[in-house]
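Residues per chain, in single letters:
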Amino acid sequence: MSEPTTEQLDAYVRTRLALAGFDLSLLPEVFDADTGVPTRGQVVASLRSFVASTPGAISGWTPPADSPASAQQASPPLIYPSITEAWTGKVDAR
């Protein structure tokens, strides 16, 4: 399998941002030193670099479960794991 092209990675990044509800058009096209807000190009370039290097290591991990099919349901990602642990009583089990 060949490596994705820059255009493919950019399309992937833009799609993931849109799915997450992030409007890339809200960022400036030209850097503003007063605010320090990154430009659209800087954000896409940074995320492209991340996607090209890191997710391979992340995608190889699976949560513990009886089968790969139930792994995502057995250990769903949590926004605030400490709160969930407190609710489920797993805090004291450490």
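Here, the structure is the one placed above.
Residues numbered from 1 in each chain as written. Predicted model: local features only at pLDDT ≥ 70, side-chain atom pairs only at ≥ 80, totals over all residues. Heavy atoms only, no water.

Some details on the environment of glutamate 29
Relative to the elements of secondary structure, glutamate 29 occurs in the loop between helix H1 (6-19) and helix H2 (40-53). Separated by 12 residues in sequence, glutamate 29 and glycine 41 have C-alpha atoms that sit 7.2 Å apart. Not counting residues up to four positions away in its chain, the partners in contact with glutamate 29 are Thr39 and Arg40. A polar side-chain atom of glutamate 29 sits 3.0 Å from a polar atom in the side chain of arginine 40. (Helix = DSSP H or I, 4+ residues; strand = E, 2+ residues; numbered from the N terminus. Contact = heavy atoms within 4.5 Å. Polar contact = N/O pair within 3.5 Å; in protein donor to acceptor, adjacent residues only side chain to side chain.)

Some points on the pattern of salt bridges
Across all of its chains, the model carries 2 salt bridges by this definition. In this structure, aspartate 10 engages arginine 48 in a salt bridge whose closest nitrogen and oxygen atoms are separated by 2.6 Å. One end of the pair, aspartate 10, is in helix H1; the other, arginine 48, is in helix H2, and 38 residues separate them in sequence. Judged by its relative accessible area of 16%, aspartate 10 falls in the buried class. A relative accessible area of 24% places arginine 48 in the partly exposed class. (Salt bridge = Lys/Arg side-chain N within 4 Å of Asp/Glu carboxyl O. Buried < 20%, exposed > 50% of the residue type's maximum accessible area, 1.4 Å probe, protein only.)

Quick look at the packing of H1 against H2
At a minimum axis separation of 9 Å, H1 and H2 run at an interaxial angle of 105°. It follows that H1 is roughly perpendicular to H2 by the angle criterion. The segment H1 lies against H2, with Thr6, Leu9, Asp10, Tyr12, Val13, Arg14 and Leu17 engaging Val44, Leu47, Arg48, Val51 and Ala52. Along the lines of polarity and charge, the residues of the contact of H1 with H2 split into 8 nonpolar, 1 polar and 3 charged. (Axes fitted to C-alpha atoms, helices over the stretch in contact; angles between N-to-C directions. Parallel < 35°, antiparallel > 145°, perpendicular 65-115°, else oblique. Nonpolar A, V, L, I, M, F, W, Y, C, P; charged D, E, K, R; others polar.)

By themselves, these figures tell us nothing about what the structure is for.
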